[in-house]
Amino acid sequence: MKKSLSWSLLTALIACASMANAQTGVSLPYSCDFETGAADWQFAQAEDYPNHWYRGQGAVGNDTYCLYVSSDGGVSNSYENSTGWVHAYLPVNFETAGEYDVSFRYSSEGEGNYDYMRVALLDEAPVAGAEVSSSYQYSKQLEWTQTTLTFTVSNPGIQYLTF
């Protein structure tokens, strides 16, 4: 039986709101719309890298709060062309093995092979600047789009939903 994990994850190069203790993770079912904050979400981003994740209303075409990548302090979803990786992630406590659906909204305006969003479920928290491999990769989607992914969890415990 599939379980559900959903929220509105809105992006303008990447993603759109509640900080979970990495030792416990959020419980399922979980839903987040970013309107009241992003406290459950954590970020892996190098201070010397120009682009960072922000929660705000700066994403083009989005009139609600969301998470997005910005190089101007979150004023807009503009970013600098440079090589590097920044991650927004959510520690999730999977109490049982099985299939889990993850639903989110996104818009990704980058160059197809260079600027994209990857979505992965990791055994360890992502590291700032380190590439995350995933079979789910999004790019060149200018319109806000709702999507649902299915992840298979073999070993219960804390895993990291990573964007």
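Residues numbered from 1 in each chain as written. Predicted model: local features only at pLDDT ≥ 70, side-chain atom pairs only at ≥ 80, totals over all residues. Heavy atoms only, no water.

(A) Structural context of the nonpolar core. One finds Trp-41, Phe-104, Val-119, Leu-161 and Phe-163 to be the most contacted residues of the largest nonpolar core, which totals 27 residues. Looking at this core, the elements with two or more residues in it are strand S4 (66-70), strand S5 (87-94), strand S6 (98-108), strand S7 (117-122) and strand S9 (141-153). By size, the runner-up hydrophobic cluster in this structure holds 6 residues, among which are Tyr-89, Ala-120, Leu-122 and Tyr-160. (Core = buried A, V, L, I, M, F, W, Y, C linked by side-chain atoms within 4.5 Å. Buried < 20%, exposed > 50% of the residue type's maximum accessible area, 1.4 Å probe, protein only. Helix = DSSP H or I, 4+ residues; strand = E, 2+ residues; numbered from the N terminus.)

(B) Geometry of the pattern of salt bridges. Tallied over the full model, the rule gives 1 salt bridge. Residues Arg-118 and Glu-131 are paired through a salt bridge, measuring 2.6 Å at the closest nitrogen-oxygen approach. Of this pair, Arg-118 sits in strand S7 while Glu-131 sits in the loop between S7 and strand S8 (136-138), and the two are 13 residues apart along the sequence. (Salt bridge = Lys/Arg side-chain N within 4 Å of Asp/Glu carboxyl O.)

(C) Unusual backbone geometry, seen in detail. Omega for the peptide link from Leu-28 to Pro-29 comes to 0°, which places this bond in the cis form. Summarising the element assignment, Pro-29 is placed in the loop between strand S1 (3-6) and strand S2 (42-44).

(D) Local environment of the side chain of His-87. For His-87, the location among the structural elements is in strand S5. Classification of His-87 by relative accessible area gives buried; the value is 2%. The contacts of His-87, once residues within four sequence positions are left out, are Gln-42, Phe-43, Ala-44, Trp-53, Pro-126, Val-127, Ala-130, Val-132, Thr-162 and Phe-163. (Contact = heavy atoms within 4.5 Å.)

(E) Layout of the environment of Val-92. Assignment of secondary structure puts Val-92 in strand S5. A residue is classified by how much of its surface remains accessible, and Val-92, at 0% relative accessible area, is buried. Measuring from C-alpha to C-alpha, the distance between Val-92 and Tyr-30 comes to 8.9 Å, with 62 residues separating the pair along the chain.

(F) Representation of the environment of Asp-33. Position of Asp-33 among the secondary structure elements: in the loop between S1 and S2. With a relative accessible area of 40%, Asp-33 lands in the partly exposed category. C-alpha of Asp-33 to C-alpha of Tyr-65: the two residues are 32 residues apart in sequence and 7.7 Å apart in space. Within polar-contact distance, the side chain of Asp-33 engages the backbone nitrogen of Glu-35 at 3.0 Å. (Polar contact = N/O pair within 3.5 Å; in protein donor to acceptor, adjacent residues only side chain to side chain.)

(G) Structural context of the pairing of S6. Burial within S6 is extensive, with 9 of its 11 residues counted as buried. Direction of pairing for S6 relative to S9: antiparallel, over a ladder of 10 bridges. What sits directly across from Gly-98, in S9, is Val-153. (Pairing = 2+ DSSP bridges.)

(H) Region of interest: the environment of Ser-133. Considering the arrangement of structural elements, one finds Ser-133 in the loop between S7 and S8. Expressed as a C-alpha distance, the spacing of Ser-133 and Arg-118, which sit 15 residues apart in the sequence, is 7.5 Å. Beyond its immediate stretch of four places on either side in the chain, Ser-133 contacts Arg-118 and Ala-120.

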